[in-house]
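What follows is the residue order along each chain.
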Amino acid sequence: QVQLVESGGGLVQAGGSLRLSCAASGTISSFNTMGWYRQAPGKQRELVATITSGGSTNYAFSVKGRFTVSRGNAKNTVYLQMNSLKPEDTAVYYCNVQFASLNFWGQGTQVTVSS
């Protein structure tokens, strides 16, 4: 039904920046909520940031002030601008989109922050 293509992960030094992108395609063209989650080795997947169709945002406390989530003009893309990255931000980042009761996940993109 919905395919999510993520890009923008990689290796960066502490204090650096990365921008993640996620483009959705398929039978659903607009989504209620889009956002990002992450999973570090040995840890559970956790919310990073989400944005609703109305533009309301929600951030994990650990990333507030450093990360910014936004949606593209086409409304089927979501971005995560990550600044002042820390080694503890190292994880696989997953794009997530929601429509009604449906939940879709991307394949994940690795973000590694070296100290």
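First, a word on what this report is: a plain description of the structure on this page. Everything numeric in this text was worked out from a predicted model, so none of it was measured.

Moving on to the overall build of the chain. The helix and strand inventory of the chain stands at 0 helices and 11 strands. Moving toward the C terminus, one meets the helices and strands of the chain in the order β-β-β-β-β-β-β-β-β-β-β. Taken against the 2.2 N^0.38 rule, which gives 13 Å for 115 residues, the C-alpha radius of gyration of the chain at 13 Å falls within 12% of a compact globule. Referenced to the eigenvectors of the C-alpha coordinate spread, the extents of the chain come out at roughly 40 × 25 × 20 Å.

By secondary structure assignment, the location of arginine 71 is in strand β7 (residues 67-71). One polar contact links the side chain of arginine 71 to the main-chain carbonyl oxygen of phenylalanine 31, over a distance of 3.0 Å. For arginine 71, the side chain forms a polar contact with the main-chain oxygen of threonine 52, separated by 3.3 Å. In this structure, arginine 71 is in contact with Phe31, Asn32, Thr33, Met34, Ile51, Thr52, Ser53, Thr77, Val78 and Tyr79, ignoring residues within four places of it in sequence.

We now examine the pattern of salt bridges. If you walk through the whole model with that rule in mind, you get 3 salt bridges. Note that glutamate 46 is salt-bridged to arginine 38, the shortest N-O span being 2.7 Å. A relative accessible area of 37% places glutamate 46 in the partly exposed class. Between arginine 66 and aspartate 89 there is a salt bridge, and its shortest N-O distance comes to 2.8 Å. Of this pair, arginine 66 sits in the loop between β6 (57-59) and β7 while aspartate 89 is found in the loop between β8 (77-82) and β9 (91-99), placing the two residues 23 residues apart along the sequence. The residues arginine 66 and aspartate 89 share a single accessibility class, namely buried. Each of the salt bridges in this network shares a partner with another, and the network as a whole consists of Arg38, Glu46, Arg66 and Asp89.

Conventions and cut-offs
Residues numbered from 1 in each chain as written. Predicted model: local features only at pLDDT ≥ 70, side-chain atom pairs only at ≥ 80, totals over all residues. Heavy atoms only, no water. Helix = DSSP H or I, 4+ residues; strand = E, 2+ residues; numbered from the N terminus. Rg over C-alpha atoms; globule rule 2.2 N^0.38 Å. Polar contact = N/O pair within 3.5 Å; in protein donor to acceptor, adjacent residues only side chain to side chain. Contact = heavy atoms within 4.5 Å. Salt bridge = Lys/Arg side-chain N within 4 Å of Asp/Glu carboxyl O. Buried < 20%, exposed > 50% of the residue type's maximum accessible area, 1.4 Å probe, protein only.

Without other data, these values stay purely geometric and don't point to any function.
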